[in-house]
Amino acid sequence: MKRRVVVTGLGALTPLGNSVGESWDGAVTGKSGIGPITKFDSSSYKSRIAGEIKNFDPAQFVNKQEIRRYDNFILYAVASSEMAMADAKLTISPELSVRTGVIIGSAIGGLATIEEELRNVLSDTPRKISPFAVPAILANLASGHVSIRFGAKGPINCAVTACAAGTSAIGDAYKTIAHGDADIMITGGVEAAITKLAVGGFAAMRALSQRNDEPQKASRPFDKDRDGFVIGEGCGIIILEELSVALNRGAPIYAELAGYGCTSDAFHVAAPPPGHEGAARSMRIAIKDAGLNPEDIDYINAHGTSTPLNDLYETQAINFLFGEHAKKLMVSSTKSMTGHMLGATGGVEAIFAIKALQEGIIPPTINLDNPGEGCDLDYVPKVARHKAINTAMSNTFGFGGVNGVLLFKKYIG
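Remember, it's a predicted structure, so these values are computed and weren't measured experimentally.

Trainee: Help me understand the overall build of the protein in this model?
Mentor: Broken down by element type, the protein carries 14 helices and 14 strands. For the protein, the C-alpha radius of gyration of 20 Å lies close to 22 Å, the compact-globule estimate for 413 residues. Expressed as lengths along the three principal axes of its C-alpha atoms, the size of the protein is roughly 65 × 55 × 40 Å. By the burial criterion, 62% of the 413 residues in the protein qualify as buried. As presented, the protein carries roughly 15900 Å² of accessible surface, and 53% of it is formed by carbon and sulfur atoms. In the protein, 39 positive and 42 negative side-chain charges are present, and the distance between their average locations comes to 1 Å.

Okay, structure coming up:
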C-alpha cells in the first residue's frame, strides 16, 4: 500500500523575492520580476531581459570560501534548503539520517562556471583553471552539497530533465517515500543560467521574447501578442515526509502530495505535439495516482511559458482531458511574473500551488490583455482570485518531450 506523503517545509529564491513569503506576496499582487539583464553586457543580444534574483547575499548561508568555490546554482540550492529546513523545524538526527534523502533537479548545472573556465582554456592558460571547477559544474552537486550540509545519508539523486527537472525531482522524491525507501526527502529544482551561452542559445532558437523595451510586459502567457519566454533563475525546495513521521515530530503540514505523472511525447526535441497528448496523459496519471477524478481538480499552475505553441497545446490538452470541467478550472501561469526559471520552475511553481491551497488565493496570469486563438480557459487574468480550493496541480514540460505533473491536495488527517 502506498504511504502518504506530506509537505512540511518550503524555501525559495525567485525573481520576486529572496524567500517564500516575498515570492508569494509578489505573485499574488501581480508583481513582475523581469527587467534588463545585469549579469553580463547583453547589448549585442537579441533578447536583453531576464527574471534575475536580486540582492541575494550568500554570506547569510555560507562562508567566504564556499562563495568562491560554488557556482550560483549550488549557492541557491543550499540557501533555499536552509530556509526549507528551518520552515519544517527539522533537524536530522543520526537516527533520521539514513532515512533522509535529497533529490534536486537542474536543467544545466554550473553553466556560468563552464563559461568562466572555458576562457582559460581558449587563452591556453590551463594552469589557471580552478581545482574546484568540476565540482562547481556538475548538476548533481546541488544535491551533494545539501546532503553533506544536513547529514542526509539516504537516497540521493539529481533530475536533469530540462525545464521539468524540478518536477521530476519532486516526483521521484515522492515515490521514494511512498514506496518505503526513505521517510524524509529534501527536494526541488534550481537554476542559475542567465549567461551568455544560455541567452544567446535560446535566442538563436527563436524561443525568447524580444520585447526588450517593455521587460515587465514581455512574459505574457496565453496572450495573442506573446513572442517567446523570458529566461529566469531561481530555486524552490520543499521538504517531503511520510505522514506518520511528520505527525510524530509535530511538523507543520502544508499539503499532501498525492499524485505524480510523467510521460514522454516521443515527438520532437523542443516542440510539443499538436494537442499535447503526452501532457494530457501525464495529468491523467497524476489524477489516477491520487485516487481522484478529473472533476475533482480545482486549480492548475500551468507550464504556460509565453511561447505560441506551448500555451496553445497545453490549453488543448487541458480541454481534451477535462472536457466540460475545463471551463470550471482556474488555470494560471506564474511565469508571467517570474519568467521561465528552467529547472527551477518545477520547485518554485510547486510552492505556488501549495500556497494557493493553503491561502485560498489563486495567483494571476499578468499581461493577459487579449487571449490568443484557441486559448479559451479561465486563466485568472491580471488579478489574483480569493477562492478556497481542495486540489492544485502543477504542470511542467521540458525539451526532449518530458511531461511532469504534480498533484497536491489539502491535508485531511
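Moving on from the coordinates now.
Trainee: It is not clear to me how the sheet that holds strand β6 (residues 184–191) should be interpreted in this structure. Could you clarify?
Mentor: Backbone-to-backbone hydrogen bonds join strands into a sheet, with any given pair of strands oriented parallel or antiparallel. Across the sheet, ten strands lie side by side as β5-β4-β6-β7-β1-β8-β14-β13-β9-β10; this open sheet has mixed pairing. This sheet does not close on itself; its edge strands, each paired only once, are β5 (156–157) and β10 (330–332).

Trainee: Where do I start with the packing of helix α11 (residues 277–289) against helix α12 (residues 308–322) in this structure?
Mentor: Direction vectors running N to C along α11 and α12 enclose 45 degrees, while the axes themselves pass 8 Å from each other. By the angle between their directions, the pair α11 and α12 is classed as oblique. Here the hand of the crossing between α11 and α12 comes out right-handed. Taking contact as the criterion, the partners of A279, A280, M283, R284 and I287 in α11 are, on α12, A317, I318, F320, L321 and F322. Of the residues contributing to the contact of α11 with α12, the split by class is nine nonpolar, no polar and one charged.

Trainee: I'm lost on a nonpolar patch on the surface in this one. Help?
Mentor: Together, L118, V121, L122 and I129 line one region of the surface with nonpolar side chains, adding up to about 360 Å² of accessible area. Counting through the fold element by element, I129 comes out in the loop between α5 (111–122) and α6 (133–137). Of the residues examined, I129 reaches a relative accessible area of 32% and is grouped as partly exposed.

Trainee: Could you clarify how one ought to interpret the nonpolar core in this entry?
Mentor: Among soluble globular proteins, nonpolar side chains are generally buried collectively. Within the largest apolar cluster, 47 residues are counted, with the highest numbers of intra-cluster contacts made by V7, L10, I238, L240, I354, I389 and F408. For this core, the elements supplying multiple residues, two or more each, are β1 (5–13), α1 (20–28), α8 (165–178), β7 (234–242), β8 (255–264), α14 (345–359), β11 (361–362) and β14 (402–409). Here I389 is in contact with D298, Y299, M330, A356, L357, I362 and K410, once residues within four sequence places are set aside. Formed by 33 residues, the second largest nonpolar core is a distinct cluster that contains M83, I92, V146 and A192.

Trainee: Honestly, the packing of aromatic side chains in this entry has me stumped. Any pointers?
Mentor: Two aromatic rings, taken as a pair, are described by how far apart their centres are and by the angle between their planes. In this structure the tally under the stated criterion is seven aromatic pairs. Ring plane angle 75 degrees and centroid distance 5.3 Å describe the contact between F202 and F229, whose orientation is recorded as edge-to-face. With F202 in helix α9 (residues 196–204) and F229 in the loop between α9 and β7, this residue pair connects regions lying 27 residues apart in the sequence. On the basis of relative accessible area, F202 is assigned to the buried category, the value being 13%. The class of F229 is buried, set by a relative accessible area of 6%. For the pair F222 and Y379, a centre-to-centre distance of 4.0 Å together with 15 degrees between the ring planes defines the contact as stacked. One end of the pair, F222, is in the loop between α9 and β7; the other, Y379, is in the loop between β11 and β12 (385–386), and 157 residues separate them in sequence.

Trainee: Is there a simple way to think about the side chain of S42 in this case?
Mentor: You can see S42 is positioned in the loop between β2 (35–36) and β3 (49–50). Dropping the residues within four chain positions of it, S42 is found in contact with I37 and R48.

Trainee: How should I be thinking about the state of the cysteines in this particular structure?
Mentor: Applying the stated criterion across every chain yields a total of zero disulfides. The structure places no disulfide on C375, whose sulfur is separated from the nearest cysteine sulfur, that of C163, by 19 Å. Taking relative accessible area as the criterion, C375 reaches 5% and is therefore assigned buried.

Trainee: Explanation requested: the pairing of strand β13 (residues 391–398) in the structure shown.
Mentor: Consecutive side chains of a regular strand alternate in pointing toward one face of the sheet and then the other. With eight of eight residues buried, β13 is to be regarded as a mostly interior element. Burial of β13 is two-sided: the residues T391, M393, N395 and F397 facing one way and the residues A392, S394, T396 and G398 facing the other way are all buried. With eight bridges joining them, β13 and β14 adopt antiparallel strand pairing. For N395, the partnering residue across the bridge sits in β14 and is V405.

Trainee: Before we go on, may I ask you to explain the environment of A326 in this structure?
Mentor: Within the secondary structure, A326 is located in the loop between α12 and β10. Overall, A326 belongs to the buried group, its relative accessible area being 0%. If we ignore the near neighbours within four places in the chain, the residues touching A326 are I318, N319 and L377.

Calculation rules
Residues numbered from 1 in each chain as written. Predicted model: local features only at pLDDT ≥ 70, side-chain atom pairs only at ≥ 80, totals over all residues. Heavy atoms only, no water. Helix = DSSP H or I, 4+ residues; strand = E, 2+ residues; numbered from the N terminus. Rg over C-alpha atoms; globule rule 2.2 N^0.38 Å. Buried < 20%, exposed > 50% of the residue type's maximum accessible area, 1.4 Å probe, protein only. Areas by Shrake-Rupley, 256 points an atom, 1.4 Å probe, with all protein chains shown as cover. Lys, Arg positive; Asp, Glu negative; His and termini not counted. Charge placed at Lys NZ, Arg CZ, Asp CG, Glu CD. Pairing = 2+ DSSP bridges. Axes fitted to C-alpha atoms, helices over the stretch in contact; angles between N-to-C directions. Parallel < 35°, antiparallel > 145°, perpendicular 65-115°, else oblique. Left-handed = near helix turned anticlockwise from the far one by under 90°. Contact = heavy atoms within 4.5 Å. Nonpolar A, V, L, I, M, F, W, Y, C, P; charged D, E, K, R; others polar. Patch = residues over 30% accessible without salt bridge, like charges linked within 9 Å, V, L, I, M, F, W, Y side chains within 5 Å. Salt bridge = Lys/Arg side-chain N within 4 Å of Asp/Glu carboxyl O. Core = buried A, V, L, I, M, F, W, Y, C linked by side-chain atoms within 4.5 Å. Phe/Tyr/Trp six-rings, centres within 6.5 Å; stacked < 30°, edge-to-face > 60°. Disulfide = S-S within 2.5 Å.

Bear in mind that shape data such as this cannot, by itself, settle questions of function.
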